[in-house]
Amino acid sequence: MMELLDIASYFLDVRFVLLVFAGSVAGLFVGSIPGLSVSMATALLVSVTYSWTTTDALATIMGVYVVGVFSGAISAILINIPGAPSSVVTTLDGFPLAKKGEAYKALTYAIVYSFIGTVFGFIVLWLLAKPISHIALKFTPMDYFLLALFGLTTVGSLTTKHFAKGLISASLGLLFSMIGIDSVMGTARMTFGISNLQAGINIVPALVGLFGFSEILTVISGGKLEGEVSKVTKSAVKLTLVLKQFGNSMYYSALGTVVGALPGAGGPVAAFLAYSEAKRIVKNPSVPFGEGAVEGIVASESANNACIGGALIPLLTLAIPGDAVTAIILSVFYVHGLRPGPMFIKASPEMFHAILAGGFIGSLFLLVLGFWAAPRISKIIAIPKRILLPLVATLCVIGAFSCNNRMFDVGLMFFFGILGFFMRKRGYSVAPMTLAIVLGGMMDSNFRRAISLASSEDSFFSALLGRPITMLLCILVILTLLSNSKNVKRVLHYLMKRRI
Amino acid sequence: MKKIALINSTRVEGFVFLILSLVLFIYSMILHRLSNTEWKMSPYLFPLVISIFLAFLSLSLLKEGKQLKKEIDREEGVGSNWKDVIYIAIFTLVYCILIGVITFIPATSLFLLVSFWYLGERKRYLILLISLLFPVILYVLFGMLLHVMLP
């Protein structure tokens, strides 16, 4: 009850609500303009909110996150270009519906079910975070190491077509995280005499470079800078008709929350899964799927927005980010001296409540801004990229500079931008590298602590890997590695064929 | 021709990562020896583990490059407008250097002017308006409201 009151108190805090609103407006634009991403905006925001209080920073970021994920659907429906990867599936039915002159109807379904998905995800976060934290309290250093490793392997497997490339990206990220003064022994490592590197690679310029500047170069490289915008004519859409999909949306939202909680899976996977489930369970859609079925929009939007709450579960309870945006949010915590993990909710309940309140208020703004601004936004979506991209490049430079007020970080941003561009170009996802840069320090110190503790025991291996949780995590890591091995896949395929 | 180039680049990547892992391995071994600590506490233990992991991955990439002879796929949605990418990267690099020399507002105006023009915007009044106004707005916003002292 006290918890509920605490969360409700944020609804009365004008400053908090205004900051969520500011973030929501930013999220609406960033998410709906193809070429700008929520992760890019959040990375830029980390640098801006550097000197703010944690609550203020979280309020703004939650607004961007919640509304940004939804608003990818606006451009998906109006111009057939998803504003965010998680809205790819929305284009399948959203754009055909818009082409039929029913863009407003498509937007209404997207708004309502994004709202429902978001609220569902945050309720699950609220209910599950504490029990998971209690389990996580039993974790040893080796468990933390394995958990982070599991996160990296799943990110590696889900964000790129080639598993090896995903893991290479993660390995390079770990390598970057090793640069600087070692936290255990206090010696400078891999700094090569550069004094600016002694404090390590600052996460903010790395993120701004990998997600911001590299994205600019990728958009320029793609050359596709314009698109045709569908006209939005307001028409009456009956709410009772829209809410007919409520039952199914609960199922898609549950699916989205679970997928979101898996490190690295994220919105696109959730939306695809929900869409395929919708095709399976909805026997008589309004029109066939792919031709403007509202059921497809419901599935995609419920699932990808429910991912937000899901992705925050491992972040807050285990310090393992569920996706790129939560990896950036993790850096916000570190920047403000907070340590997410099993003790987080107990030690900083006000931050947990601020996140929940930010999510719920953000979802309300999603509803308001969605209905008010989404139909009017078509002109902004059509801003030529030749104007937009240089402006974003300027923001990237400022973003990198502002975290430490030094030009060295701008250089780092440029380096990571170029690196990120080439990685994308060659099919290496930048997400595993980001997670690895964030988690590397924690993995290193826990790994050495675990080895050190185990070496003082009689039986080294049973001390290191003998506990049930450790064994379970080991099995999970091995299964992830094996299930992505081409040889294992070939054997499984052969066995399946023989059975048939 | 395209096919051969793609096969080779995957193998080249594998080879580059293999060399990187070897360099990292040798670096970790040498510096560990110089640090006079036990392996369990050594700052070079984790880089050593990464180097071994990276070596396996690069070998798998080399193997994959060999197998790619049959299946060639273009990379995820990225085209190859190289000239524009190189120019914009150079503009940004020069911009980063210029900030330290001629300060933020003139450097940003110059960068925006050149970039807009290069990317194909031809409305002169629009270019001038945004190039002159945007840096000032940013300077005021960051400098006065967010307390970020821009150069």
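Chemist: Even after reading the chapter, I still don't get the packing of helix α6 (residues 103-136) of chain A against helix α11 (residues 246-261) of chain A, so can you show me in this structure?
Modeler: The geometry of a pair of packed helices is captured by two quantities: the angle between their axes and the separation between those axes. Residue and element names in this part refer to chain A. Where α6 contacts α11, the axes come no closer than 9 Å and their chain directions differ by 50°. Our classification of the angle between α6 and α11 gives oblique. The element α6 and its partner α11 pack so that their crossing is right-handed. Contacts from Y113, I116, G117, F120, G121 and V124 in α6 reach F246, S249, M250, S253, A254 and T257 in α11. Counted by class, the contact of α6 with α11 contains seven nonpolar, five polar and no charged residues.

Chemist: Looking at this model, I keep getting lost on the pattern of salt bridges. Mind explaining?
Modeler: Here the idea is simple: oppositely charged side chains can pair when their charged atoms come close. Applying the stated criterion to the full structure yields twelve salt bridges over all chains. Ionic pairing is found between E215 of chain A and R424 of chain A, a salt bridge with its closest N-O pair at 3.5 Å. Of this pair, E215 of chain A sits in helix α9 (residues 203-222) while R424 of chain A sits in helix α19 (residues 407-425); the two residues are 209 residues apart in sequence, bridging distant segments of the chain. The pair E215 of chain A / R424 of chain A is uniform in exposure class, with both members buried. A salt bridge links K40 of chain B to E38 of chain B; the shortest N-O distance between them is 3.9 Å.

Chemist: Any chance you could explain the interface of chain A and chain B here in plain terms?
Modeler: As a measure of interface size, the accessible area lost when the parts come together is often cited. Facing 65 residues of chain A, the contacting portion of chain B comprises 63 residues. By the criterion of area lost to chain B, the three top residues of chain A are R386, K425 and R426 of chain A, representing 11% of everything that side buries. In this structure, the connection of chain A to chain B is made through two salt bridges. Salt-bridge contacts for E13 of chain B lead to R426 of chain A; the nearest nitrogen and oxygen are separated by 2.3 Å. Across the chain A-chain B interface, the total number found is twelve residue pairs in polar contact (both at pLDDT 80 or more).

Rules behind the numbers
Residues numbered from 1 in each chain as written. Chains lettered and ligands numbered in written order. Predicted model: local features only at pLDDT ≥ 70, side-chain atom pairs only at ≥ 80, totals over all residues. Heavy atoms only, no water. Axes fitted to C-alpha atoms, helices over the stretch in contact; angles between N-to-C directions. Helix = DSSP H or I, 4+ residues; strand = E, 2+ residues; numbered from the N terminus. Parallel < 35°, antiparallel > 145°, perpendicular 65-115°, else oblique. Left-handed = near helix turned anticlockwise from the far one by under 90°. Contact = heavy atoms within 4.5 Å. Nonpolar A, V, L, I, M, F, W, Y, C, P; charged D, E, K, R; others polar. Salt bridge = Lys/Arg side-chain N within 4 Å of Asp/Glu carboxyl O. Buried < 20%, exposed > 50% of the residue type's maximum accessible area, 1.4 Å probe, protein only. Buried area = accessible area lost by both parts, 1.4 Å probe. Polar contact = N/O pair within 3.5 Å; in protein donor to acceptor, adjacent residues only side chain to side chain.

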